[in-house]
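# Descriptive analysis of the structure
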Amino acid sequence: MPIIAHISDLHFNTQDNRVAAGLLKDLLQIQPTLVVNSGDLTQRARRNQFIAARAYLDQIPFPQLTVPGNHDIPFYDFATRFLAPLSRYKRYITPDLSPRFDHEQFVVLGVNTARSATWKNGRISLEQIKSIQDTFCPLPITQFKVLVTHHPFVPPPDDPTPALVGRGKLAIDVLDTCGADLLLAGHLHRHYSADAKTHHVGIKRTILVAQAGTAISRRIRNEPNAYNLITLIPPEVELQVRAWTGTAFEPITSTRYMKIENHWQKQG
Ligand SMILES: [Fe+2]
Ligand SMILES: [Fe+2]
């Protein structure tokens, strides 16, 4: 069964080294098909922080798909922020800002939502919306379609205030039309899952949303370090949250959904 491990917000320079070692150990045991990393690899986009992030990612012996977060653009260094915002990310992590991973059962597309001008809040461009359409629309309904961004499309269930990704409403219409199945993001350091329809009430299909907490950073928000595991068991998918207990990562929630026509229905 294909397994996608979704990690986010590593924030090197604020990492907890014990938790970082625990995450590596957990991933090595699980042997995921793909590790998705939804951005904020560093705390301040400094060179030494990217070097530390690179050294850590090099210890993960599985295919990886990564998008940058706002913290991967320098904030105080205005010259770099506006003239070459992702130069260090591209040098140390990957030059590919539109990564795609193809598997016979699923396709993952990454979109860079980090922007220099609106440093904290992200955005999707019209060109990126077109690339989402070109990627997902030709695929058969049986292929599981996953979009990865740093900034979220849906707020936490208990807090409607966080800013969502700019042009998210326009993008979600295309994702709906092209049959996207799952949106993965981070940024808020909160883990939660949802049906995008609960926030974007106009969409016709079910689009699952899985937000990841921070995997290894000390910048936690009243919840433990955590990451998501997505296991494809067609016609079902399991979304599991694995959280740090103090000694290891262990599952804390696990939800299965079954696809019936255009809808993912919660099981059990
Ligand atoms: Fe973050
Ligand atoms: Fe962020």
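Before going into details, it helps to say that this report is about the structure given with it. None of the values given here were measured: they were computed from a predicted structure.

In the first shell of the iron ion (ligand 2), the protein supplies Asp40 (OD), Asn70 (OD1), His150 (NE2) and His187 (ND1), at 2.2 to 2.3 Å from the metal. For the iron ion (ligand 2), the donor residues sit on a single chain with the sequence spacing D-x29-N-x79-H-x36-H. Here the iron ion (ligand 1) and the iron ion (ligand 2) are spaced 3.5 Å from one another, each receiving a donor from Asp40. Here His150 is found in the loop between strand S6 (144–148) and helix H6 (168–177), whereas its partner His187 is found in the loop between strand S7 (182–185) and strand S8 (192–195), with 37 residues between them in sequence. His187 carries the same exposure label as His150, and that label is buried.

This paragraph deals with the sheet that holds strand S10 (residues 226–233). Ordered in space as S3-S2-S1-S10-S11-S12-S13, the 7 strands form an open sheet in which the pairing is mixed. Of all the strands in the sheet, just strand S3 (64–66) and strand S13 (263–266) have a single pairing partner and so form its edges. Across the sheet, the mean angle from the axis of one strand to that of its neighbour is 25°, orientation sign disregarded. Sheet topology places strand S2 (residues 34–37) next to S3; 3 bridges connect them, and they run parallel. Bridge assignment links Val36 to a residue of S3, and that residue is Leu65.

Looking now at the coordination of the iron ion (ligand 1). Distances from the iron ion (ligand 1) to its protein donors, Asp9 (OD), His11 (NE2), Asp40 (OD) and His189 (NE2), fall within 2.1 to 2.3 Å. Because the angles between the 4 donor atoms bound to the iron ion (ligand 1) fall within 88 to 177°, the donor set is best described as irregular. Read in sequence order, the donor residues for the iron ion (ligand 1) give the motif D-x1-H-x28-D-x148-H. The exposure class of His189 is buried, given its relative accessible area of 2%.

With mixed pairing, the 6 strands of this open sheet are ordered in space as S4-S5-S6-S7-S9-S8. Across the chains shown, the open sheet's two edge strands, defined by having one partner strand only, are strand S4 (100–102) and S8. Between one strand axis and the next, the sheet turns through 15° on average, direction left out of account. Where S4 and strand S5 (residues 106–110) come together, 3 bridges link them in antiparallel fashion. Bridging from a neighbouring strand, Arg100 pairs with Leu109 of S5.

One finds Leu10, Leu23, Tyr56, Ile60, Ile216 and Tyr227 to be the most contacted residues of the largest nonpolar core, which totals 33 residues. Ranked by the residues each element gives to this core, the list is headed by helix H1 (residues 17–30), at 6 residues. Contact partners of Ile60, with chain neighbours within four places excluded, come to Leu24, Leu27 and Val35. Counting 24 residues, the second-largest nonpolar core is a separate cluster that includes Val174, Ala180, Leu183 and Ala196.

Here the focus is the state of the cysteines. When the sulfur atoms of two cysteines share a covalent bond, that bond is a disulfide. Within this structure, the stated rule accounts for 1 disulfide. With its sulfur 1.9 Å from that of its partner, Cys137 forms a disulfide with Cys178. Across the S-S bond of Cys137 and Cys178 the torsion is about -80°, and the bridge reads as left-handed. One end of the pair, Cys137, is in the loop between helix H5 (126–136) and S6; the other, Cys178, is in the loop between H6 and S7, with 41 residues separating them in the sequence.

The next subject is the environment of Val241. Structurally, Val241 is set in strand S11 (residues 236–244). In this structure Val241 comes out as buried when scored by relative accessible area, which is 10%. Separated by 17 residues in sequence, Val241 and Met258 have C-alpha atoms that sit 18 Å apart. Those residues within four positions of Val241 in sequence are excluded, and the remaining contacts are His191, Ala226, Tyr227, Asn228, Glu250, Pro251, Ile252 and Thr253.

Residues Phe78, Phe82 and Leu83 make up a contiguous nonpolar surface patch of roughly 380 Å² in combined accessible area. Its location among the elements puts Phe78 in helix H3 (residues 78–83).

All right, on to the packing of H5 against H6 then. Interhelical geometry of H5 versus H6 gives an angle of 10° and a closest axis separation of 9 Å. On the basis of the axis angle, H5 is roughly parallel to H6. Contacts from Leu126, Ile129, Ile132, Gln133 and Phe136 of H5 reach H6 at Leu170, Ala171, Val174 and Leu175. Broken down by class, the residue content of the contact of H5 with H6 amounts to 8 nonpolar, 1 polar and no charged.

What follows covers the environment of Gly22. Tracing the backbone through its elements, the reader meets Gly22 in helix H1. Between the C-alpha atom of Gly22 and that of Val35, which follows or precedes it by 13 residues, the distance is 16 Å.

Here is what the cut-offs are and how they apply
- Position numbers for residues start from 1 in each chain and track the written sequence from start to end.
- The naming scheme follows written order: chains are lettered A onward, ligands numbered 1 onward.
- Reporting of local features is limited, given that this is a predicted model, to residues whose pLDDT is at least 70; pairs of side-chain atoms are given and counted only at 80 or more, and all residues count toward the totals for whole chains, interfaces and linings.
- To get the side-chain values, take all heavy atoms of the structure and skip hydrogens and water.
- Any nitrogen, oxygen or sulfur atom within 2.8 Å of a metal ion counts as a donor, with the limit raised to 3.2 Å for Na, K and Ca, and since water is left out, coordination shells can look unfinished.
- Strands here mean DSSP runs of E at least two residues long; helices mean DSSP runs of H or I at least four residues long; both are numbered from the N terminus.
- For every residue, the accessible area obtained with a 1.4 Å probe (protein chains only) is divided by the maximum for its type, and the residue is called buried under 20%, exposed over 50%, and partly exposed between those limits.
- A pair of strands is labelled paired if DSSP reports no fewer than 2 bridges between them.
- Helix axes are fitted to C-alpha atoms over the stretch in contact, other axes to C-alpha atoms as well, and angles between N-to-C directions run from 0 to 180 degrees.
- Angular criteria define each label, namely tetrahedral for four donors with all angles between 85 and 135 degrees, square planar for four and octahedral for six donors with opposite donors over 155 degrees apart and remaining angles between 65 and 115, and irregular for whatever fails these tests.
- Definition used in this section: a nonpolar core is a set of buried Ala, Val, Leu, Ile, Met, Phe, Trp, Tyr and Cys residues joined via side-chain atoms within 4.5 Å.
- The contact criterion used is simple: two residues touch if any of their non-hydrogen atoms lie within 4.5 Å.
- The disulfide definition used here is simple: a pair of cysteine sulfur atoms within 2.5 Å.
- A patch is a set of surface residues, each over 30% in relative accessible area and not in a salt bridge, joined within 9 Å for like charges and within 5 Å for the nonpolar side chains Val, Leu, Ile, Met, Phe, Trp and Tyr.
- Computed by Shrake-Rupley with a 1.4 Å probe, the accessible areas treat only the displayed protein chains as cover when residues are assessed.
- Between Lys or Arg on one side and Asp or Glu on the other, a salt bridge is scored when a side-chain nitrogen of the former is within 4 Å of a carboxyl oxygen of the latter.
- Angles below 35 degrees are treated as roughly parallel, those above 145 as roughly antiparallel, those between 65 and 115 as roughly perpendicular, and all remaining angles as oblique.
- Gly is put with the polar residues, along with every residue not named as nonpolar or charged; the nonpolar set is Ala, Val, Leu, Ile, Met, Phe, Trp, Tyr, Cys and Pro, and the charged set is Asp, Glu, Lys and Arg.

Note that all results are geometric; they support no functional claim without further evidence.
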